[in-house]
Amino acid sequence: MEQKKPRSPEMITQEELFHPGHPACPGCGAAISMRLALKALGKKTMIVIPASCWSIIAGAHPTFSLGVPLLHVPFISGAAAAAGLKASLEALGDKETTIVAWAGDGGTYDIGFQGLSGAAERKTDMIFVCYDNEAYMNTGGQRSSATPPGTYTATTPQGKGEDKKDLLSIMADHGALYVATATLAYPQDFLTKFKKAKAKKGFRFIHILSPCPTGWGYPEDKTVTMSRMAVESGAYPLVEWEGGEWNTTYRPSFQIKIKDYLLSQSRFAHWGEEKLAQIAQRATHQWDRLTDHPKGLKG
Ligand SMILES: Cc1ncc(C[n+]2csc(CCOP(=O)(O)OP(=O)(O)O)c2C)c(N)n1
Ligand SMILES: [Mg+2]
């Protein structure tokens, strides 16, 4: 596949649907991701947010950081509430508004998974977005099933033992119309995927790798660097699932080592060479099912 330019701004509209002055931590990847996503989705969008950092970033009444309507819902119910909202709008004759469930990894991989699976299986017309900061960050950084192996979190003081759940394959296996990964250091790739998802009717799932300076332990001006290191090292592939196959949308340079990506974050900084090599191996192994394809990451 033709290599895409990673940082072309040509598709980025000047219109802002996410306003400054919001209460996210400085350098929050989830905040930058929402700003980008809304540039692709536009004003005719409604967002459903289960309990997460984004419950705070949206602002406490009467302040509000977004230029589109937003519904706060309980932790478990992102997909279910979005499905209900979609049905209500259709009953009112609105077929245009894009419904987006915007959940953290806890609200997607773990507690929100039942509703997510149901919505995917029923092929509900929505975009389910998981902004994955790889832990329950709003409550102090407890491990989730999206936390990578070896990560120090508040509930894994000796490093998480288990692998990251392969949710991308699980979503594809549900028969989702469109599944994609995205991350903010590659805005053109990011916007293309959101625009593509917006244009489709059916169940679409977008996974965003969302670096978190507070929880990952890196300087707050290095969020774009972390996002780029994850991709260029091969720790996070930029792929999409469409028409029954996985395609790589950006080929990494592999000039950065996964070990260096890990060591630039305090959540991994306690490990020695051998353990870091194991973590790196486990990080790439989990994507092999997505990237083994001839057109894939290593193809
Ligand atoms: C049923 C229930 N259990 C626990 C909580 C407390 N809680 C609020 S946000 C949150 C963490 C959410 O983690 P994630 O979905 O990864 O989003 P993040 O905070 O990382 O943005 C938790 C545990 C809750 N609101 N409801
Ligand atoms: Mg999280």
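Each chain has its residues counted from 1, running along the sequence as written. Each chain takes a letter, starting from A, and each ligand takes a number, starting from 1, following the order in which they are written. Per-residue local features of the predicted model are confined to residues with pLDDT of at least 70, and side-chain atom pairs are confined, for both listing and counting, to 80 or more; whole-chain, interface and lining totals are unaffected and use all residues. Working from all heavy atoms in the structure, the side-chain values ignore hydrogens and water.

(A) Quick look at the environment of Pro69. The helix count covers DSSP runs of H or I at least four residues long, the strand count covers runs of E at least two residues long, and both are numbered beginning at the N terminus. Structurally, Pro69 is set in the loop between α2 (53-57) and β2 (70-73). Exposure remark for Pro69: the relative accessible area of 44% places this residue in the partly exposed category. Sequence separation of Pro69 and Gly141 is 72 residues, and the distance between their C-alpha atoms is 28 Å. Ignoring anything within four residues of it in the chain, the contact list for Pro69 reads Thr45, Met46 and Ile47. Relative accessibility under 20% of the residue-type maximum defines a buried residue, over 50% an exposed one, and the middle range a partly exposed one, all with a 1.4 Å probe and only protein chains included. Working rule for contacts: check all heavy atoms of both residues, and any pair within 4.5 Å makes them a contact.

(B) Region of the structure containing the site of ligand 1. In the vicinity of ligand 1 lie 16 residues, with Gly106, Gly107, Tyr131, Asn133 and Asn138 positioned nearest. Two N or O atoms count as a polar contact when they lie within 3.5 Å, although within protein this holds only if one can serve as hydrogen donor and the other as acceptor, and sequence-adjacent residues are included solely when both atoms are side-chain atoms. With respect to ligand 1, the backbone of Cys53 contributes an N or O atom lying 3.0 Å from an oxygen atom. Between an oxygen atom of ligand 1 and a main-chain N or O atom of Met137, the distance comes to 3.0 Å. Look at ligand 1: alone it shows 580 Å² of surface, and the protein chains cover 71% of it. Residue polarity follows a fixed list, in which Ala, Val, Leu, Ile, Met, Phe, Trp, Tyr, Cys and Pro are nonpolar, Asp, Glu, Lys and Arg are charged, and the others, Gly among them, are polar. Each residue belonging to the shell around ligand 1 can be placed in one class, and the counts come to 8 nonpolar, 7 polar and 1 charged. Being near a molecule or strand, for a residue, means having at least one of its heavy atoms within 4 Å of it. Surface accessibility follows the Shrake-Rupley procedure with a 1.4 Å probe radius. Residue values consider only the protein chains on display as shielding.

(C) Layout of the pattern of salt bridges. One side-chain nitrogen of Lys or Arg within 4 Å of one carboxyl oxygen of Asp or Glu is enough to make a salt bridge. In this structure the tally under the stated criterion is 18 salt bridges. Close ionic contact of Glu16 with Arg35 constitutes a salt bridge, the shortest N to O distance being 2.6 Å. One end of the pair, Glu16, is in the segment before α1 (29-41); the other, Arg35, is in helix α1, and 19 residues separate them in sequence. For Glu90, the salt bridge is made with Lys201, and the minimal N-O distance between the two is 3.8 Å. In this pair, Glu90 sits in helix α3 (residues 78-91) while Lys201 sits in the loop between α7 (187-199) and β6 (203-209), placing the two residues 111 residues apart along the sequence.

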